[in-house]
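Take a look at the letters that make up each chain.
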Amino acid sequence: MKHMSNRDQILIAGCGDVGSQLGLNLAAAGHQVFGLRRNINQLPPAIQGIAADLSQTDTLKGLPQQLDTVFYVVAAGSREESVYRQAYSGGLQNLLQALQQQGIHPRQLFFVSSTAVYHQQNDEWVDESSATEPDNFSGRIMLDAEQIALQSGIPATVVRFSGIYGPGRNYMLSQVNRGTGYPADPPRYSNRIHRDDCVGVLQHLWRRSQQQPLAPVYLASDDQPAPLHEVGDWLAAQLGVEITERSARRTIGSKRCSNALLKQSGYQFRYPDYQSGYAELIKAFLR
Ligand SMILES: NC(=O)c1ccc[n+]([C@@H]2O[C@H](COP(=O)([O-])OP(=O)(O)OC[C@H]3O[C@@H](n4cnc5c(N)ncnc54)[C@H](OP(=O)(O)O)[C@@H]3O)[C@@H](O)[C@H]2O)c1
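Computed from a prediction, not measured in an experiment: that's the story for all the values here.

Novice: What exactly am I supposed to notice about the overall build of the protein here?
Specialist: Looking only at helices and strands, one finds eight helices and 13 strands in the protein. Computed over C-alpha atoms, the radius of gyration of the protein comes to 19 Å, within 12% of the 19 Å expected from 2.2 N^0.38 for 287 residues, which places it in the range of a compact globule. If you line up the protein on its principal axes, its C-alpha atoms span 60 × 40 × 35 Å. Of all 287 residues assigned to the protein, the portion counted as buried reaches 52%. The long-range share in the protein, meaning contacts at least 24 apart out of those at least 6 apart in sequence, stands at 77%. Mean positive and mean negative side-chain charge positions of the protein (26 and 26 charges, respectively) differ by 5 Å.

Novice: It is not clear to me how the environment of Ser-174 should be interpreted in this structure. Could you clarify?
Specialist: Here Ser-174 lies in helix α4 (residues 171–177). C-alpha of Ser-174 to C-alpha of Phe-285: the two residues are 111 residues apart in sequence and 8.7 Å apart in space. Within the structure, the side chain of Ser-174 is placed 2.8 Å from the backbone oxygen of Asn-170, a separation counted as a polar contact.

Novice: Explanation requested: the site of the ligand in the structure shown.
Specialist: In the neighbourhood of the ligand, 23 residues make up the surrounding shell, with Asp-17, Val-18, Arg-38, Val-74 and Arg-169 lying closest. Taking Leu-54, its main chain carries an N or O atom lying 2.9 Å from a nitrogen atom of the ligand. Burial of the ligand by the protein chains amounts to 81% of its free accessible area of 920 Å². Ranked by residue count, the leading element in the shell around the ligand is strand β5 (residues 108–114), at three residues. Its residues placed into classes, the shell around the ligand shows 11 nonpolar, seven polar and five charged.

Novice: Looking at this structure, how should I read the packing of aromatic side chains?
Specialist: Each pair of aromatic rings is reported with the distance of its centres and the angle of its planes. Applying the stated rule across the entire model yields seven aromatic pairs. Geometrically, the ring pair formed by Tyr-84 and Phe-137 is edge-to-face, given 5.4 Å between the ring centres and 85° between the ring planes. In this pair, Tyr-84 sits in helix α2 (residues 81–101) while Phe-137 sits in helix α3 (residues 137–150), placing the two residues 53 residues apart along the sequence. For Tyr-84, a relative accessible area of 11% puts it in the buried group. Through a chain of ring-to-ring contacts, three or more aromatic side chains come together here, namely Tyr-84, Tyr-88 and Phe-137. Sitting over the face of the ring of Tyr-189, Arg-256 holds its NZ or CZ atom 4.6 Å from the ring centroid.

Novice: Just to check I follow, could you spell out the sheet that holds strand β3 (residues 48–51) for this structure?
Specialist: To summarise the sheet geometry, strands pair through backbone hydrogen bonds and adopt either a parallel or an antiparallel arrangement. Taken in spatial order, the seven strands line up as β3-β2-β1-β4-β5-β7-β11 in an open sheet, and their pairing is parallel. What marks the edges here is a single partner per strand, and that holds for β3 and β11 (217–220). Strand-to-strand twist in this sheet, taken as the mean axis angle between neighbours without regard to direction, amounts to 20°. The sheet contact formed by strand β2 (residues 32–37) and β3 spans four bridges and is parallel. Note that in β3 the partner of Leu-36 across the bridge is Ile-50. Strands β1 (9–13), β2 and β4 (69–72) of the sheet are contacted by helix α1 (residues 17–28), whose axis makes an angle of about 170° with β1.

Novice: Whenever I open this one, the packing of helix α6 (residues 228–239) against helix α8 (residues 274–286) confuses me. Can you help?
Specialist: A pair of packed helices can be characterised by two numbers: the angle between their axes and the separation between those axes. Running from N to C, α6 and α8 cross one another at 45°; their axes reach a closest spacing of 11 Å. Taken together, the axis directions place α6 and α8 in an arrangement best described as oblique. For the pair α6 and α8, the sense of crossing is right-handed. Residues Glu-230, Val-231, Trp-234, Leu-235, Gln-238 and Leu-239 of α6 pack against Tyr-274, Gln-275, Tyr-278, Ile-282, Phe-285 and Leu-286 of α8. When its residues are assigned to classes, the contact of α6 with α8 shows nine nonpolar, two polar and one charged.

Novice: Just to check I follow, could you spell out the packing of α1 against helix α5 (residues 195–209) for this structure?
Specialist: At a minimum axis separation of 9 Å, α1 and α5 run at an interaxial angle of 50°. If you check the angle between α1 and α5, you find them oblique. In this structure, the crossing between α1 and α5 has a hand that is right-handed. Residues Asp-17, Val-18, Gln-21, Leu-22, Asn-25 and Leu-26 of α1 lie in contact with α5, whose contacting residues are Arg-195, Cys-198, Val-199, Leu-202, Gln-203 and Trp-206. Its residues placed into classes, the contact of α1 with α5 shows seven nonpolar, three polar and two charged.

Novice: Explain the environment of Cys-257 here, please?
Specialist: Among the secondary structure elements, Cys-257 is positioned in strand β13 (residues 255–257). Residue Cys-257 is classed as buried on the basis of its relative accessible area of 1%. In contact with Cys-257, other than residues within four places in its own chain, are Thr-115, Trp-125, Val-126, Asn-191, Leu-219, Ser-221, Asp-222 and Pro-225.

Novice: How should the pattern of salt bridges be read in this particular structure?
Specialist: For side chains of opposite charge, pairing can occur when their charged atoms come near one another. This structure, assessed with the given rule, holds 10 salt bridges. Asp-17 is paired through a salt bridge with Arg-195; the nearest N and O atoms lie 2.7 Å apart. Of this pair, Asp-17 sits in helix α1 while Arg-195 sits in helix α5, and the two are 178 residues apart along the sequence. Residue Asp-17 is classed as partly exposed on the basis of its relative accessible area, which comes to 29%.

Cut-offs used in this document
- Residues numbered from 1 in each chain as written.
- Predicted model: local features only at pLDDT ≥ 70, side-chain atom pairs only at ≥ 80, totals over all residues.
- Heavy atoms only, no water.
- Helix = DSSP H or I, 4+ residues; strand = E, 2+ residues; numbered from the N terminus.
- Rg over C-alpha atoms; globule rule 2.2 N^0.38 Å.
- Buried < 20%, exposed > 50% of the residue type's maximum accessible area, 1.4 Å probe, protein only.
- Contact = heavy atoms within 4.5 Å.
- Lys, Arg positive; Asp, Glu negative; His and termini not counted.
- Charge placed at Lys NZ, Arg CZ, Asp CG, Glu CD.
- Polar contact = N/O pair within 3.5 Å; in protein donor to acceptor, adjacent residues only side chain to side chain.
- Near = heavy atom within 4 Å.
- Areas by Shrake-Rupley, 256 points an atom, 1.4 Å probe, with all protein chains shown as cover.
- Nonpolar A, V, L, I, M, F, W, Y, C, P; charged D, E, K, R; others polar.
- Phe/Tyr/Trp six-rings, centres within 6.5 Å; stacked < 30°, edge-to-face > 60°.
- Lys NZ or Arg CZ within 6 Å of the ring centre and 35° of its normal.
- Pairing = 2+ DSSP bridges.
- Axes fitted to C-alpha atoms, helices over the stretch in contact; angles between N-to-C directions.
- Parallel < 35°, antiparallel > 145°, perpendicular 65-115°, else oblique.
- Left-handed = near helix turned anticlockwise from the far one by under 90°.
- Salt bridge = Lys/Arg side-chain N within 4 Å of Asp/Glu carboxyl O.

See the structure below:
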């Protein structure tokens, strides 16, 4: 077991919303945190910025000499296939190659993936052992990237987040506030995780990885998969607005994500359901 007072060197590639919150927590715990992204101007001072583009190998030359852990938390900036490829499979491959070329051998790699890898759409429960046969490019590229992480030669863990909600992500709240709800027929299951739990899960798994090997894949989603129209209707009631039309666009899938493995590993959700997670967000939205 590694001595806990050690100061770890940690790289967060794709240091945006989730990455920066994670980095701040790890820096506050005494670790040295590097945050890699193209634009480092907004990074908090506790995180040492590395300005680099994961799709441009020549920008990845000056990585820190020694790294204990690498978190890959990149999000594609648009829904174009080429951008997806660059952000996930291509970017990860470039980073791994740069690490290898520079003789840097992290002990642990975390790759943040998404539940887009699942194709299920008939309200099935899915977990880490469920089939993944995505019929769209985003899911297929994520699956490719997962494989690259798991076959990297570095002990690697994939964390599949469901839909992230939280501070600053007000799309659904704004929509419902305008009176637009979701069609109730047929009901479509949606799955969520609060941004703070995304950070909490990564930190929890990182801590656990210092004591014992992790599973290759964890599904990270709260306790309560819920039909989208129910979530919309609940938000409307909280906001005190009436749903006047049910025309909001929904994704096609309908599945229920199980977080049993994550909870077995000892993780306790700060926001186990959307009602608890949205309570503060609604207050801030109405302020
Ligand atoms: N949003 C969801 O509902 C959802 C669902 C499931 C999984 N996820 C995953 O959750 C994770 C957290 O997302 P988030 O909300 O924290 O995203 P975010 O705030 O958009 O951060 C993503 C970061 O990636 C960086 N980035 C993008 N392309 C890059 C490139 N070519 N080179 C270097 N850096 C690059 C961006 O910085 P620059 O633009 O400055 O480079 C940004 O800081 C991501 O892995 C995402 O795929 C999200």
